[in-house]
Amino acid sequence: MKKWLLRVAMSVLALLVIAVVSFVVYAQFDYGPSEALAERVDLSALESDGEGLFFQPESSNGKGIILYQGAKVQKEAYAYLGQSLSEQGFVVSIPQLPLNFGILGSETAGSVMEVHPDVEEWFLGGHSLGGVAASFYAEDHSPKLSGLFFLGAYPASDFSESGLPMLSIYGELDGLSTIDDIEASRELFPDGSIFEEIEGGNHAQFGLYGEQKGDNSAKISAFEQQDQVVKALIEWINKN
């Protein structure tokens with residue numbers, strides 16, 4: 001009997017090891033920044049603050065933005081968003097999340113806030129699975145968190161009674177977080193939340209990493225889509 005139990009235990013352990021190794025290998029095949037990004041952002045000059053990419057504005061407005069990347073997407077793919085927002089006075093952090101999976105590092109926002117204590121007001125959000133991870137953090141968040149935003153994403157739980165300002169930006173042609181998905185998620189948002197549709201936008205163009213399996217083709221350029229994201233974010237933050 002003891003030998004049988006030992007064999008079962010060893011088999012279970014072997015399966016767990018295989019599963020972990022398989023996941024790690026899978027996670028290594030991620031989406032890197034596209035060549036188009038290099039035309040707008042000098043990737044070699046990007047700063048790091050110990051948590052990930054960091055964009056310091058020349059003249060800070062006292063507010064910070066933390067952006068969690070989509071699953072398997074390298075943080076550099078969001079550098080254009082970070083740079084564009086910092087040019088408008090925001091401190092911006094795009095953290096390095098474990099294996100580029102936001103749900104493995106949902107509490108990273110707290111570390112970012114600790115590294116930059118001079119920023120008193122933070123707005124946290126994410127693209128795709130990064131938005132889900134951001135919502136995990138916001139369930140029991142720092143008092144410095146002033147708002148939660150989603151790019152082609154929606155919360156993992158019910159925030160309808162939270163009172164936390166929330167913003168959803170979604171693409172008309174998103175094949176992964178579809179309009180139907182966004183509409184179904186509205187009940188998870190508190191009253192007064194803002195929903196912004198980007199006409200002609202899709203899922204992958206919330207970052208700059210090329211096409212993504214399962215997505216639809218966009219009818220606008222990636223830079224057009226991201227410029228609209230920047231505009232919507234700034235308008236929403238300025239209202240809160």
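In case you missed it, the structure is sitting above this.
Residue numbers here run from 1 along each chain, matching the order of that chain's written sequence. Only residues with pLDDT of 70 or above have their local features reported here, since the model is predicted, and side-chain atom pairs are shown and tallied only from 80 upward, although totals for entire chains, interfaces and linings are computed over all residues. Side-chain metrics in this entry use all non-hydrogen atoms of the structure; hydrogen atoms and water are not considered.

**Student:** Any chance you could break down the pairing of strand β4 (residues 91-95) for me, citing the residues and the numbers?
**Tutor:** Burial analysis of β4 places 5 of its 5 residues in the buried class, the great majority of the element. When a residue's accessible area, from a 1.4 Å probe over protein chains only, is under 20% of the maximum for its type it is buried; when over 50% it is exposed; and in between it is partly exposed. Helix numbering and strand numbering both begin at the N terminus, where a helix is a DSSP run of H or I of at least 4 residues and a strand a DSSP run of E of at least 2. Burial along β4 is two-sided: the residues Val-91, Ser-93 and Pro-95 and Val-92 and Ile-94 are all buried. A pair of strands is treated as paired once DSSP finds two or more bridges between them. When strand β2 (residues 52-55) meets β4, the two strands line up antiparallel, connected through 4 bridges. Bridge pairing links Phe-55 to Val-92 in β4. Following the chain from strand β3 (residues 63-68) across helix α3 (residues 79-86) to the adjacent parallel β4, one finds a crossover that is right-handed. For a crossover, the right-handed case is the one in which the path from the first strand over the helix to the second runs clockwise, viewed with the strands pointing away from the viewer.

**Student:** Give a detailed account of helix α4 (residues 108-115), specifying residues and quantitative values.
**Tutor:** Considered for burial, the residues of α4 that qualify are Thr-108, Ala-109, Gly-110, Val-112 and Met-113. Contacts between residues were defined by any pair of non-hydrogen atoms, one from each residue, lying within 4.5 Å. Where the residues of α4 are buried, they touch β3, β4, β5 (121-127), α5 (129-138) and β6 (145-151).

**Student:** An account of a negative patch on the surface is requested, with residue identities and associated values reported.
**Tutor:** A cluster of acidic residues, Asp-158, Glu-161, Glu-187 and Asp-191, forms a negative patch on the protein surface. Relative to the helices and strands, Glu-187 resides in the loop between α6 (179-185) and β8 (194-198). Two distance rules govern patches: like charges are joined within 9 Å, and nonpolar side chains (Val, Leu, Ile, Met, Phe, Trp, Tyr) within 5 Å, applied only to residues with over 30% relative accessible area and no salt bridge. Per-residue and other accessible areas follow the Shrake-Rupley method at a 1.4 Å probe size, with only the shown protein chains counted as cover for residues. Basic side-chain nitrogens of Lys or Arg form a salt bridge, by our definition, when they fall within 4 Å of a carboxyl oxygen of Asp or Glu. Positive charges come from Lys and Arg alone, negative charges from Asp and Glu alone, with His and the N- and C-terminal ends not counted. Charge positions are represented by NZ for Lys, CZ for Arg, CG for Asp and CD for Glu.

**Student:** Account for the pattern of salt bridges, naming residues and giving values.
**Tutor:** Once the charged atoms of two side chains with opposite charge are near each other, the side chains can pair. In total, this model carries 3 salt bridges according to the counting rule given. Between Arg-186 and Glu-183 there is a salt bridge, with the nearest N and O atoms lying 3.0 Å from each other. Exposure remark for Glu-183: the relative accessible area of 38% places this residue in the partly exposed category.

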